[in-house]
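Geometric and topological summary
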Amino acid sequence: MAISEFRKHPGQTAAMLLISLFLLAFLVIPVVQVVFVAFMDATTGQFTLLNFKDFFNTALFRESFWNSIYVGCMSVLVASAFSMPLAYFTSRFEFRGAVIIQSLGIIPLIMPPFVGAVAMLMLFGRNGSVNLLLDQWFGFTIPFMEGLNGVIFVQSIHYFPFILINLSAALQNIDRAMEESAQNLGCSGLRLFRRIVLPLAMPGYVAGASLVFLKVFDDLGTPLLLNVNNMLAPQAYLRIASIGIKDPMGYVISVFLVVIALSSMWLAMLALKGKEYATVQKGGGGLAKRRMRPWEKVFAWMIVLVIMSLVLAPHFGLTLLSFGTIWSYSVLPDAFTFDHFVSIFAETPEYMTNTVLYSSLAGIIDVVLGTAIAYIVLRTKLIGRQWLDYTAMAAVAIPGLVIGIGYLRTFFGYQVPWLENQSFATWWVAIVIALSIRRLPYALRACTAALQQVSASLEESAENLGASKFSTVRKIAVPLMAGGILAGFVTSFANAAVELGMTLMLVSKNSDGPLSYGIYVYMQSAAGRGSGAALGIVAVLVVGICTLLSHIVIERRQRKYVMGRTD
Amino acid sequence: MNNTEHVTATTSAVGVRLEGIDLSFGKTHVLKGIDLQIEPGEFFAFLGPSGCGKTTLLRLIAGFESAQAGRVIIGNQEVSHLPPWRRNLGMVFQSYALWPHMTVRKNVAFGLEERRIPRNEINKRVERALDLVGLLDLARRRPSQLSGGQQQRVALARTIVIEPQVLLLDEPLSNLDAKLRVQMRRELRQLQRKLSVTTIFVTHDQEEANTTADRIAVINDGIVQQIGSPMELYDRPANLFVANFLGVANVVEGSMTEENGKVVFHSSDGVVVVPVTAGNQGPSSIVFRPQNLTILPQDTKPQPGTTQLTGKVEHKEFLGGVVRYRVAVGGHFILVDAPHQRGETAMPEGTPVTLCLNDDQVIGLTH
Ligand SMILES: Nc1ncnc2c1ncn2[C@@H]1O[C@H](COP(=O)(O)OP(=O)(O)OP(=O)(O)O)[C@@H](O)[C@H]1O
Ligand SMILES: [Mg+2]
């Protein structure tokens with residue numbers, strides 16, 4: 001029966017086959033290749049653990065390994081320090097600042113940390129605005145940005161929303177009766193928090209914290225731009241970039257990156273699994289909220305304002321940098337100008353045009369694949385269809401850098417037939433495909449959600465009226481999913497625009513680079529910072545507008561869907 | 001939070017007194033001048049329709065709400081200003097509120113741990129409480145692995161293990177299916193007898209209140225309408241609300257006058273004239289139950305001590321043990337229950353009938 005499913009539906013089978021091949025070629029093989037090389041003797045091609053031994057015998061790698069772990073943990077710690085009071089204020093008190101806190105949870109996410117890194121250096125660095133002022137008034141400075149501190153500082157400001165959002169949701173899901181029954185049995189104050197509230201909110205916190213760890217651990221752009229090279233991701237990049245794709249160390253590091261990423265995803269899943277403490281019930285409604293006393297209010301507002309200014313600092317700094325003329329050893333730039341914006345559009349418009357081209361193509365590939373996979377998984381009975389979903393989703397856990405290295409290794413030997421001297425790995429099309437693979441999980445989730453909302457009976461009635469499978473999909477399912485697909489496209493587009501780790505590996509010449517690459521290239525030299533910042537502003541605008549758009553689309557869709565259900 | 005601060009549990013039961021309780025949420029006046037006296041060891045029910053303030057009153061006693069005016073006195077101690085964790089009252093929540101991250105045993109031990117009781121004593125008391133509710137075997141499970149009835153028992157065990165002065169139950173049976181509800185309310189009643197702990201039980205189900213409670217306070221719109229044993233409330237409702245809320249009632253409006261030294265009720269349209277045993281003159285209503293009437297063929301001879309009413313069957317419902325007729329008498333619709341025997345057929349709609357009302361069953365309510 002199982003095999004006959006394939007025979008009965010040749011069209012679906014062909015689609016599934018094509019997608020499988022695509023995922024195999026551009027996701028599975030490159031990643032497996034990376035792991036393979038890490039365990040292979042470079043000269044004999046035999047299986048070996050020698051590369052790992054070499055890794056641990058090299059002081060620099062050992063240091064990088066511990067630095068990466070240290071930065072990951074510290075970022076989680078600092079991000080928790082930001083999130084916990086904010087989550088506490090919104091879930092425990094009737095607090096006006098709640099709206100601000102919610103926005104605080106989104107703002108950092110529209111800018112990847114590497115874009116703001118240099119701006120943070122200008123504001124918080126040894127000779128940055130804050131330390132200049134501190135030195136002038138109080139005679140001391142704070143090493144916010146010294147070495148690893150800088151990475152931790154920048155990363156935690158950017159990624160704390162993952163903890164904030166998850167923790168707030170977890171707290172809001174606690175039924176008030178959970179707490180009251182403990183009070184009734186004689187428990188109060190900190191003990192109540194420790195024994196009841198904290199354990200109930202823990203799964204949410206762990207999920208958020210492991211996400212932060214994963215993001216920080218994999219990030220390449222921020223340490224590179226802050227000139228912190230003794231961490232794993234920069235080491236992998238520098239090895240491949242300086243010694244070449246034959247050097248096994250880059251692969252060994254990649255294996256570490258993948259393993260750590262997979263384990264933190266696994267930890268997050270474990271934390272949430274079976275612990276759906278959605279305990280709100282009839283008569284419940286979240287934890288008991290009370291009004292703040294005046295001094296509590298002052299205290300809360302102070303904390304919110306401090307965190308808000310930290311969150312806005314990268315954006316603020318980037319704006320100053322992009323409009324400033326010269327900014328060095330001074331609190332603010334010397335003067336303001338539009339020159340940087342003029343120059344990026346005049347001198348390097350290709351960064352923008354490339355971004356639009358790559359992101360649109362990647363977005364299109366993603367929604368086509370996403371729709372097809374969602375359809376195959378939800379609406380057909382083909383065997384192995386779940387694996388299609390799992391494989392596509394696995395891309396979430398693979399750092400961009402690793403995909404980049406995998407592409408180089410796998411496709412470097414393949415020439416594009418009609419172009420002279422053009423390896424496939426460094427052809428711009430490879431960037432597009434890599435981007436689409438990286439963002440496929442997000443588009444796939446959006447498409448799956450959209451298709452789940454379309455009742456299967458609508459399609460069945462079309463088939464009943466004589467429409468073929470293909471035209472049913474085209475005329476019924478896709479139009480009904482349109483909003484969800486659009487949302488998937490927009491997120492995919494926005495995220496592709498700021499992907500750096502992979503782009504750095506694959507871009508072979510500046511004229512092929514997208515925005516993120518341009519920002520990186522400009523930001524490396526002091527003279528290019530202004531233009532880099534201007535590009536950064538463009539990127540932030542693109543991502544911000546796209547995020548807003550997808551929110552609107554999804555919201556409108558939901559409204560339509562809910563109305564459709566009630567009538 | 002050390003255990004000397006807790007009100008020490010006494011072995012003998014204590015009473016609960018509420019004096020002049022007034023409570024508003026913003027502009028909504030929820031409890032209006034509540035005065036109540038609950039005797040030691042009593043099983044007392046708050047009964048009333050949804051939204052009347054029962055839960056609020058219970059939460060007030062437990063310390064989760066604070067009243068704008070009035071006092072809560074437990075035993076001889078005023079507790080109005082004590083926080084919930086110092087009151088030593090055991091509350092069972094409507095949702096049970098079992099902590100999902102703890103096993104059944106941990107849930108039950110919680111209150112004792114908070115009281116810093118020695119470990120071996122805790123173990124002993126937890127065993128005893130679990131044994132009492134018949135859940136010793138499930139002690140290692142998590143709440144999510146229990147059925148609704150079992151969860152309810154854990155919630156109960158968790159509460160009684162601390163030997164609270166007063167047990168507060170907020171619609172503890174409302175999440176159970178009908179059959180289990182009947183079984184659990186029996187168990188609850190037995191348990192309460194065994195422990196002889198003063199218990200307050202909130203419900204909107206009159207059958208639940210009637211079958212479990214020693215006395216009931218009927219509450220409507222934040223006001224205590226009447227307090228009494230279930231039978232007293234049914235037989236001598238103090239007002240129309242209580243009459244209607246407990247059981248099915250026929251209500252006829254009119255006024256009472258004195259004739260030949262006897263009080264007689266006349267309905268406004270003069271159709272119903274009934275002698276009433278007690279009542280003041282003036283505008284009033286009478287209340288009688290469907291089973292207080294007999295339905296007979298038209299022109300039956302009057303029996304002594306009854307009042308005859310003539311009408312027409314308007315509608316009938318077969319309820320199993322009885323047939324309930326709706327009879328049009330003048331402009332009134334009167335419900336009559338006729339016991340059903342095997343083989344009998346019901347009177348068809350439109351049949352002219354005579355109703356005999358037992359005079360001594362009529363309740364007069366002066367407005
Ligand atoms: N925190 C609150 N804020 C404002 N109004 C409230 C609050 N809690 C309860 N109320 C209102 O007080 C009234 C009484 O509520 P309460 O929960 O005591 O009703 P109840 O008798 O327990 O009803 P039910 O049988 O539905 O549980 C309701 O009108 C309710 O809307
Ligand atoms: Mg209630």
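Residues numbered from 1 in each chain as written. Chains lettered and ligands numbered in written order. Predicted model: local features only at pLDDT ≥ 70, side-chain atom pairs only at ≥ 80, totals over all residues. Heavy atoms only, no water.

1. A short note on helix α12 (residues 232-243) of chain A
All names here are of chain A. With twelve residues, α12 ought to run about 16 Å at 1.5 Å a step, and its terminal C-alpha atoms sit 16 Å apart, in line with that. Every buried residue belonging to α12 is among Leu232, Ala233, Pro234, Gln235, Ala236, Tyr237 and Ile240, and all of these are buried. Once α12 ends, the next one or two residues include Gly244, with phi positive near 120°. (Helix = DSSP H or I, 4+ residues; strand = E, 2+ residues; numbered from the N terminus. Expected span 1.5 Å × (residues − 1). Buried < 20%, exposed > 50% of the residue type's maximum accessible area, 1.4 Å probe, protein only.)

2. Topic: the domain arrangement of chain A
Think of interface size as the accessible area that goes away when the parts come together; that is how it is often given. Residue and element names in this part refer to chain A. Segmentation of chain A into domains returns domain 1 (1-39 + 339-562) and domain 2 (59-321). With centres defined by C-alpha atoms, the gap from domain 1 to domain 2 works out at 27 Å. Domain 1 puts 35 residues into the contact, and the matching count from domain 2 is 33 residues. Summed over the shared surface of domain 1 and domain 2, the result is zero salt bridges. (Domains from an automatic or database assignment. Contact = heavy atoms within 4.5 Å. Salt bridge = Lys/Arg side-chain N within 4 Å of Asp/Glu carboxyl O.)

3. Brief notes about the domain arrangement of chain B
All names here are of chain B. Segmentation of chain B into domains returns domain 1 (16-243) and domain 2 (248-366). In this assembly, seven residues from domain 1 lie in contact with eight residues from domain 2. Considering only the side of domain 1, the residues that lose the most area to domain 2 are Tyr234, Leu240 and Ala243, jointly responsible for 73% of the buried surface there. Joining domain 1 to domain 2, the criterion identifies three residue pairs in polar contact (both at pLDDT 80 or more). For the side of domain 1 that touches domain 2, the secondary-structure elements that each account for two or more residues are α7 (230-235) and α8 (240-245). Grouping the amino acids of the side of domain 1 that touches domain 2 by side-chain chemistry returns five nonpolar, one polar and one charged. (Buried area = accessible area lost by both parts, 1.4 Å probe. Polar contact = N/O pair within 3.5 Å; in protein donor to acceptor, adjacent residues only side chain to side chain. Nonpolar A, V, L, I, M, F, W, Y, C, P; charged D, E, K, R; others polar.)

4. A short note on the sheet that holds strand β7 (residues 166-170) of chain B
Residue and element names in this part refer to chain B. Across the sheet, which stays open at both edges, the six strands sit in the order β6-β7-β8-β3-β9-β10 with mixed pairing between neighbours. Whereas interior strands pair on both sides, the edge strands pair on one side only; in this sheet they are β6 (89-92) and β10 (223-228). When strand polarity is set aside, the average angle formed by the axes of neighbouring strands in this sheet is 15°. Sheet topology note: the β6/β7 ladder contains four bridges and is parallel. By the bridge assignment for β7, Val92 is matched with Leu169. Packed onto the sheet, helix α1 (residues 54-62) meets β3 (43-47), β6, β7, β8 (198-203) and β9 (215-220) and runs at close to 150° relative to β7. (Pairing = 2+ DSSP bridges. Axes fitted to C-alpha atoms, helices over the stretch in contact; angles between N-to-C directions.)

5. Describing the packing of helix α2 (residues 104-114) of chain B against helix α3 (residues 119-132) of chain B
Residue and element names in this part refer to chain B. Running from amino to carboxyl end, α2 crosses α3 at an angle of 125°, the nearest separation of the two axes being 9 Å. By the angle between their directions, the pair α2 and α3 is classed as oblique. Both α2 and α3 take part in a crossing whose hand is right-handed. Between α2 and α3, the residues in contact are Val104, Arg105, Val108, Ala109, Leu112 and Glu113 and Arg119, Ile122, Arg125, Val126, Glu127, Ala129 and Leu130, respectively. (Parallel < 35°, antiparallel > 145°, perpendicular 65-115°, else oblique. Left-handed = near helix turned anticlockwise from the far one by under 90°.)

6. Observations concerning the site of ligand 1
All names here are of chain B. Residues in close proximity to ligand 1 include Phe25, Val30, Pro49, Ser50, Gly51, Cys52, Gly53, Lys54, Thr55, Thr56, Glu171 and His204, which together make up its full environment. Contact between ligand 1 and Lys54: an oxygen atom at 2.7 Å from a side-chain N or O atom of the residue. Ranked by residue count, the leading element in the shell around ligand 1 is α1, at three residues. Its residues assigned to classes, the shell around ligand 1 shows four nonpolar, six polar and two charged. (Near = heavy atom within 4 Å.)

7. Description of the sheet that holds strand β4 (residues 69-74) of chain B
Residues and elements named next belong to chain B. Taken together, the four strands give an open sheet; going across it, the order is β2-β1-β4-β5, and neighbouring strands pair in antiparallel fashion. For this open sheet the edge positions go to β2 (28-38) and β5 (77-78), each flanked by a neighbour on one side alone. The pairing of β4 with β5 spans two bridges and is antiparallel. Bridging from a neighbouring strand, Ile74 pairs with Gln77 of β5.

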